[in-house]
Amino acid sequence: MEIRKLRSNESPPMELLLLADPSEQIVKEYLQRGQCYVVEQSEAIIAVYVLLPTRPETVELVNIAVHENHQGKGIGKQLVHHAINNAKFQSYKTIEVGTGNSGIGQLALYQKCGFRMVGIDRDFFVRHYAEEIIENGIPCVDMVRLSQDL
């Protein structure tokens, strides 16, 4: 398994990116400004994350997704740690992440990786997504914001 930056001549793995963010338009917008990293295994891309500079010395982990056949194997945790170390290497002082209020597994993962909750963006998913998102039987309406000092 290799984690590497997406090459300039490669198309982003949109199918994977859409697992974490159902808006193709929003994904395309942050891909233009962000850095896309992929996990390659047996010449197939099985996971992805995107780092997006947001403010001086701050970067946001805006998308992290693992192919359904490879979930539950610790790859997501490896990606989060890679993103944190990558941000440190690039001299960022803070890494942030936002996830839906209904993302129980994601909230647990980020906290296990050292992120702390810093706020809630109420009705974020209602304002930015046309279709209702339901996860774990819970309507996804608010974005929970987490942060980590590097």
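Thresholds, definitions, all that
- Residues numbered from 1 in each chain as written.
- Predicted model: local features only at pLDDT ≥ 70, side-chain atom pairs only at ≥ 80, totals over all residues.
- Heavy atoms only, no water.
- Buried < 20%, exposed > 50% of the residue type's maximum accessible area, 1.4 Å probe, protein only.
- Helix = DSSP H or I, 4+ residues; strand = E, 2+ residues; numbered from the N terminus.
- Pairing = 2+ DSSP bridges.
- Right-handed = clockwise from strand over helix to strand, strands pointing away.

**Here's the deal with the pairing of strand 4 (residues 58-66)**
Part 1: Most of strand 4 sits inside the fold, with eight of its nine residues counted as buried.
Part 2: Judged from the eight bridges that link them, strand 3 (residues 44-55) and strand 4 form a sheet pairing that is antiparallel. For proline 53, the partnering residue across the bridge sits in strand 4 and is valine 59.
Part 3: Pairing analysis gives four bridges linking strand 4 to strand 5 (residues 94-100), with the strands arranged parallel. Looking across to strand 5, one finds that valine 59 is bridged to isoleucine 95.
Part 4: Each parallel crossover has a hand, and for strand 4 linked through helix 3 (residues 75-89) to strand 5 it is right-handed.

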